[in-house]
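A structural walkthrough
Okay, here's what each chain looks like letter by letter:
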Amino acid sequence: MDDFSPERSFEEGVRRAARDALGVDPAAIPLTWPPSASHGDLATPLCFELARAARKPPRALAEALVARYEPAGGVARVEVAGGGYVNAFFDRDACLSRWLLGPPVPASPAGGPKTIVEHTNINPNKAAHIGHLRNAVLGDTLVRCLKRLGERVEVQNYIDDTGVQVADLVVGFRVLRNEEIADVLDRYSEERLHERGDRFDYVAWNLYAEVTRFFEEDSSRLSHRSDTLHAMERGDNPVADLAAHLARRMVRHHLATMERIGVRYDVLPRESDILAMRFWEDAFRQLREAGAVRRIEEGRNAGCWVMDLPGVEEGSGEDQKIIVRSNGTVTYVGKDIAYQLWKFGLLARDFRYEPFDWSPGPAIYEVWSTTRGPDASSRPAFGRGDRVYNVIDARQSYLQRVVAHGLRSLGHEREAGRSVHFSYEMVALTPAAVAALFPDHPLSDAERARPYLEMSGRRGLGVRADDLVDALIRRAADEVRKRNPGLDGARVQETARRIAVGALRYYMLRFSRNRVVAFDLDDALAFEGETGPYLQYSVVRARNILAKMEERLGESGTGGGLPPSAGFGTLEPGTADEHWNLALLLSRVPGVLRQAVDSLELSGVAKHAYVLAQAFNSFYHRYPVVQEPDERRRATRAALAHLYHDGMVRLLGTMGIEVPDRM
RNA sequence: GCGCCUGUAGCUCAGGGGAUAGAGCAGCGGCCUUCUAAGCCGCGGGUCGGGGGUUCGACUCCCUCCAGGCGCGCCA
């Protein structure tokens, strides 16, 4: 596949014409999409920009430019429009023929620079909720888009297995439930829980909320927490082993939940291993030697090591961050700096790795975990990224800034610049949703007046991820059975699963990232309108057309490209634009993906897919394909259906949405 | 107090300095003997939070004010 691109051809043509006709060499050719096909396929407002310096009206410049433009490479002609736009019209038949040959395969250099995406990062002490789903869907979609653009990507899911939250769960089992450690392992084994119709992460969900209340009722009980934390820190004792066990079991659940929606990871770095491998020692030494941290001798923070943040107003509270506490222990952000250094290969140490232990259940897929045991003899290389995306919600912006500053103050300017915080807003619940889902939860008047309420694991306020997925699957399965009587159970389930995942992932992607998602159950469960199933359905329709073309007419409808007799000229007068629009929108997909990744605004991908599906559904409704008597028209339309089908399957693939065989 | 984010149709949201500000939902009215109606077509609905500025041109950039959210821990 060569690099056929009318867009680039237009860009170069305009550049050449600008030089020849106007004597200017613009740094960049601004491109814009005309509002409708009748205006053209691509446009540049370049002449508006040049008008001032040239002291001539934009339209005159545009006319001069157009006169010298030499059409080539898929651009059929250009014309002046409006007050000075230069609009390009593509050679439609030539474009369609080339596009039918399939997309260029991006070269994926096996040893080239690697991009690391860290996402999900759920505390391993309770079930995943819909806020985690937004994180995972955004992260996974970013990964898929990067791969589609030809990048080598490593997916990391950081496991904070040493924190207070895990300790609290240990306290819950040992103190609140008054269980012996051996009994916890037995009575709360996956098997025993299953017999009772329960599951481990759901037990933990409730227990965690209970423990929070337990502490609130009597703060002296917090000694249980600190005792547990100390035991976990010491290691090699039954309490520490229990904590490790609980965390691992929870991670297993999180991985299983995410697997349901098509999200996987390459490696699970554990915080306990960051400590065990003494990453912090090396990072701290580097920070001290570079003078990036300093010890405070007096005042409130006496005895602490802090990092000063330049450009932040003094006294704002954000100008100085404690990295090492007065008792000598490192804070979360300190560990994060060490971890970030490791991701770029800037640490003198590495983890050791082993395949993740999926027991007591079967392995779902191969994923690596860091370990304190021996390093696997044969394994992929992890870390040493060229660029790092941290998918973390906007509430952590400050800490992410501290981490980037840490890199910068060590002289790693390049890495700090390539240390990207993929920030997004949280998923929250409306007061109405809280009242409906948690009837026992009292809401104050102030809370009721708020636009939304944060979910809270500590209060057990939240919609669990698997509950939502289950509800989506049930609803989808009902609909599938209704529409496809006689379809066997396994196929109903698989179809329903794909629809559910499509609905969920689209819902999580359709909002721009800086918008708080006030979760609405009815919207999330919708299958009509701007939803994932709408997109999937349009592809199923295209597939049906192609299948019937083979079945009834024995016409492949395309695989071999556009038949010579076919083309847009064969269509009824006045309908060509609408047909062409489908191909044109598909041709813009690579640009849309690039733009989405560069801006981290993945909602653009979702939106474009939706606009495409709308265009196809309109086409489908108005223009018969299989029923079309004119052979040339039939072939042209089948070619478009084929192009749409393949292009849309790939585009949905970048969002992790699979298309069912039927719906 | 300081910083970041948000404010567009009844509701939920798109909108790359550029052409007539668009979708979905909800409402109303049509379209299933055709390739699946999870669909299509139509109607109604807008001081783009207010005010200033930059620009040939501002929903978009800058300033300011208002309203709401988040952050600013020796928690993670």
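Residues numbered from 1 in each chain as written. Chains lettered and ligands numbered in written order. Predicted model: local features only at pLDDT ≥ 70, side-chain atom pairs only at ≥ 80, totals over all residues. Heavy atoms only, no water.

**Description of the nonpolar core**
To keep things clear, this is the line we draw: Grouping buried Ala, Val, Leu, Ile, Met, Phe, Trp, Tyr and Cys residues that are joined through side-chain atoms within 4.5 Å yields what is termed a nonpolar core. Under the scheme applied here, a residue whose accessible area is under 20% of the maximum for its type counts as buried, over 50% as exposed, and between as partly exposed, the area being computed with a 1.4 Å probe on protein chains only. Note on conventions: DSSP H or I runs of at least 4 residues are helices, E runs of at least 2 residues are strands, and numbering of each starts at the N terminus. Here, residues are in contact when the closest pair of their heavy atoms is within 4.5 Å.
Counting residues in hydrophobic clusters, the biggest one holds 144 residues, and the most contacted among them are Ile130, Tyr265, Leu535, Tyr644 and Met648. In terms of residues, this core owes the most to one element, helix α20 (residues 489-509), which gives 11 residues. Ignoring any residue separated from it by four or fewer positions in sequence, one finds Tyr644 in contact with Ser538, Val539, Ala542, Leu582, Leu586, Leu612, Ala613 and Phe616. Counting 39 residues, the second-largest nonpolar core is a separate cluster that includes Ile274, Met277, Val330 and Leu407.

**With respect to the protein's contact with RNA strand B**
So the rule is basically this: Residues are labelled near a given molecule or strand when at least one of their non-hydrogen atoms is within 4 Å of it. In protein, a polar contact requires one atom able to donate a hydrogen and another able to accept it; more generally it is a pair of N or O atoms within 3.5 Å, and residues adjacent in sequence count only if both atoms are side-chain atoms.
Among the 70 residues in the neighbourhood of RNA strand B, the closest are listed as Trp33, Tyr85, Arg483, Ser512 and Tyr537. Counting only atoms of RNA strand B within 4 Å of the protein, the sugar-phosphate share comes to 67%. One of the backbone nitrogen or oxygen atoms of Gly529 is found 3.0 Å away from a phosphate oxygen of RNA strand B. Residue Arg541 places a side-chain N or O atom 2.7 Å away from a sugar or linking oxygen belonging to RNA strand B.

**Digging into the pattern of salt bridges**
Heads up, the condition is: Take a side-chain nitrogen of Lys or Arg and a carboxyl oxygen of Asp or Glu: if they are within 4 Å of each other, that pair is a salt bridge.
Overall, the coordinates contain 53 salt bridges when judged by the stated rule. For Asp470, the salt bridge identified is with Arg260, shortest N-O distance 2.7 Å. On the criterion of sequence distance, the pair formed by Asp470 in helix α19 (residues 465-483) and Arg260 in helix α11 (residues 238-260) is long-range, its members being 210 residues apart. Relative accessible area serves as the criterion here: at 25%, Arg260 is assigned to the partly exposed category. The partner of Arg349 in a salt bridge is Glu281, with the nearest N and O atoms 3.9 Å apart.

**A look at the packing of helix α4 (residues 92-100) against helix α26 (residues 631-654)**
Inclusion rule: Think of each axis as a best-fit line through the C-alpha atoms, taken over the contacting stretch in the case of a helix, with angles from 0 to 180 degrees between the N-to-C directions. Reported orientations rely on four angle classes, namely roughly parallel under 35 degrees, roughly antiparallel over 145, roughly perpendicular from 65 to 115, and oblique for the rest. If you view the pair so one helix is near and one far, a crossing is left-handed when the near helix is turned anticlockwise from the far one by less than a right angle, and right-handed when it is turned clockwise. Here the nonpolar group is Ala, Val, Leu, Ile, Met, Phe, Trp, Tyr, Cys and Pro; Asp, Glu, Lys and Arg are the charged ones; every other residue, Gly included, is treated as polar.
Remark: α4 packs on α26, axes separated minimally by 10 Å, with the N-to-C direction vectors making an angle of 50 degrees. Classified by the angle their axes make, α4 and α26 are oblique. Between α4 and α26 lies a crossing whose hand is left-handed. Touching Leu96, Trp99 and Leu100 of α4 are Ala639, Leu640, His642 and Leu643, all from α26. Among the residues making up the contact of α4 with α26, the classes are represented as 6 nonpolar, 1 polar and no charged.

**A short note on the sheet that holds strand β2 (residues 75-81)**
Which entries qualify depends on this criterion: Two strands form a pair only when DSSP identifies at least two bridges running between them.
Pairing within the open sheet is antiparallel, and its 3 strands lie in the order β1-β3-β2. The sheet is open, and its two borders are formed by β1 (42-44) and β2, each paired with just one other strand. Here the average twist between neighbouring strands, direction ignored, is 25 degrees. In terms of strand pairing, β1 meets strand β3 (residues 85-90) through 3 bridges, oriented antiparallel. Bridging from a neighbouring strand, Thr44 pairs with Val86 of β3. Lying over the sheet, helix α3 (residues 58-68) contacts β2 and β3, oriented at roughly 160 degrees with respect to β2.

**Quick word on helix α22 (residues 532-553)**
Operational definition: Expected helix span is taken as 1.5 Å per residue step, with the number of steps being one fewer than the number of residues.
The first and last C-alpha atoms of α22 sit 32 Å apart over 22 residues, in line with the 32 Å expected at 1.5 Å per residue. Of the residues flanking the end of α22, it is Gly554, one or two places downstream, whose phi is positive at about 65 degrees.

**Looking at the domain arrangement of chain A**
As a reminder of what qualifies: Boundaries between domains were set according to an automatic or database domain assignment. Once two parts are brought into contact, the accessible area they lose, counted with a 1.4 Å probe and summed over both, makes up the buried area.
Annotation of chain A at the domain level lists domain 1 (6-90), domain 2 (428-522) and domain 3 (532-654). Each of domain 2 and domain 3 was reduced to a C-alpha centroid, and the two centroids are 31 Å apart. The interface is formed by 10 residues belonging to domain 2 together with 12 residues belonging to domain 3. For the pair domain 2 and domain 3, the two sides together bury roughly 860 Å², of which 58% comes from carbon and sulfur. The three residues of domain 2 that bury the most area against domain 3 are Tyr506, Leu509 and Arg513, which together make up 60% of that side's buried surface. Taken together, the connections running from domain 2 to domain 3 amount to 0 salt bridges. Summed over the shared surface of domain 2 and domain 3, the result is 5 residue pairs in polar contact (both at pLDDT 80 or more).

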